[in-house]
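Each chain, written out:
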Amino acid sequence: MKRKPLKRVFSVVCAAVLVLSIPAGAYAEMYCLEQGSVEVTANESGQYVTQADAGYFDVAQTTETVITQTDSQPTDNTVTITAEGGATAEVTLDNVNIDASSTPKNDAKAAVSTNADDDSNVVIELDGDNVLKGGDGRAALETTSGSVTIQDETGEAGSLDET
């Protein structure tokens, strides 16, 4: 008879441990554009993010990389995505509003720029309403080389408005 309460306690503790540990793997690594421009690099060693103004340098990504904004007002901070060495850079844009048009003409930038070598890829997932505006003579989303896929496949409605 004394074993049944012990079994129940053990079962409850095991269930609690399982429930508390499951969500940990589901969290994305979020970078807020209000804290500065974001650079994502994928290579044979993995995917890394630098956001110098926020103090992040070559942070290894272990989950989904999400770039977002808490404020709907345009920011002049930009996103650069690079893939090399056969890697695929995967980035989610989640409700970003980037306006790079205020940069000086001789330093004009794209709102989002991508670069992938011949055997690498860049995949951009869209969640929420995303607005991109490029600098003088630059595209809103600019690809210098390689393969780029823009998709909306996670089940969260996503859109992209480029000017």
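For clarity, every value in this text was computed on a predicted model and none was experimentally measured. (Residues numbered from 1 in each chain as written. Predicted model: local features only at pLDDT ≥ 70, side-chain atom pairs only at ≥ 80, totals over all residues. Heavy atoms only, no water.)

Caption draft 1: Focus on the sheet that holds strand 3 (residues 46–51). Strands sit in the order 4-3-2-6-9-11 across an open sheet of six strands; the sheet is mixed. Each edge of the sheet is formed by a strand with only one pairing partner; in this case those strands are strand 4 (56–60) and strand 11 (141–143). Neighbouring strand axes in the sheet, compared pairwise and without regard to direction, differ in orientation by 15° on average. (Pairing = 2+ DSSP bridges. Helix = DSSP H or I, 4+ residues; strand = E, 2+ residues; numbered from the N terminus. Axes fitted to C-alpha atoms, helices over the stretch in contact; angles between N-to-C directions.)

Caption draft 2: Structural view of the pairing of strand 6 (residues 79–83). Of all five residues in strand 6, four are buried, a share of seventy percent or more. Sheet topology places strand 2 (residues 38–43) next to strand 6; five bridges connect them, and they run parallel. Directly across from V38, in strand 6, lies its bridge partner V79. Where strand 6 and strand 9 (residues 112–116) come together, five bridges link them in parallel fashion. (Buried < 20%, exposed > 50% of the residue type's maximum accessible area, 1.4 Å probe, protein only.)

Caption draft 3: Highlighting the pattern of salt bridges. Counted by the stated rule, this structure contains two salt bridges. A salt bridge links E142 to R138; its shortest N-O distance comes to 2.5 Å. (Salt bridge = Lys/Arg side-chain N within 4 Å of Asp/Glu carboxyl O.)

Caption draft 4: Quick peek at the nonpolar core. Counting 25 residues, the largest nonpolar core has I67, I81, L93, I98, V112, I124 and L132 as its most contacted members. Mapped by element, the contributors of at least two residues to this core are strand 2, strand 6, strand 7 (88–94), strand 9 and strand 10 (121–133). Those residues in contact with I67 that lie beyond four places of it in its chain are Y31, L33, V38, V40, V79, V91, T92, L93, D94 and V96. (Core = buried A, V, L, I, M, F, W, Y, C linked by side-chain atoms within 4.5 Å. Contact = heavy atoms within 4.5 Å.)

Caption draft 5: Representation of the packing of aromatic side chains within the structure. Scanning the model with the defined rule gives one aromatic pair in all. Look at Y31 and Y56: their rings are 5.8 Å apart centre to centre, the planes differ by 85°, and that puts the pair in the edge-to-face class. Of this pair, Y31 sits in strand 1 (residues 29–32) while Y56 sits in strand 4; the two residues are 25 residues apart in sequence, bridging distant segments of the chain. Since its relative accessible area comes to 5%, Y31 is described here as buried. (Phe/Tyr/Trp six-rings, centres within 6.5 Å; stacked < 30°, edge-to-face > 60°.)

Caption draft 6: Representation of the side chain of Q51 within the structure. In this fold, Q51 is placed in strand 3. Discounting chain neighbours no more than four positions away, the residues touching Q51 are Y31, C32, L33, Q35, G36, S37, V38 and Y56.

Caption draft 7: Seen up close, the environment of T65. Its location among the elements puts T65 in strand 5 (residues 65–68). Judged by relative accessible area, T65 falls into the buried class, the value being 1%. Sequence-wise, T65 and Y48 are 17 residues apart; in three dimensions their C-alpha atoms are separated by 9.2 Å. Excluding its chain neighbours within four sequence positions, the residues that come into contact with T65 are E29, Y31, V40, Q47, V49, E90, V91 and T92. Of the polar contacts made by the side chain of T65, one reaches the side chain of Q47; its length is 3.0 Å. (Polar contact = N/O pair within 3.5 Å; in protein donor to acceptor, adjacent residues only side chain to side chain.)

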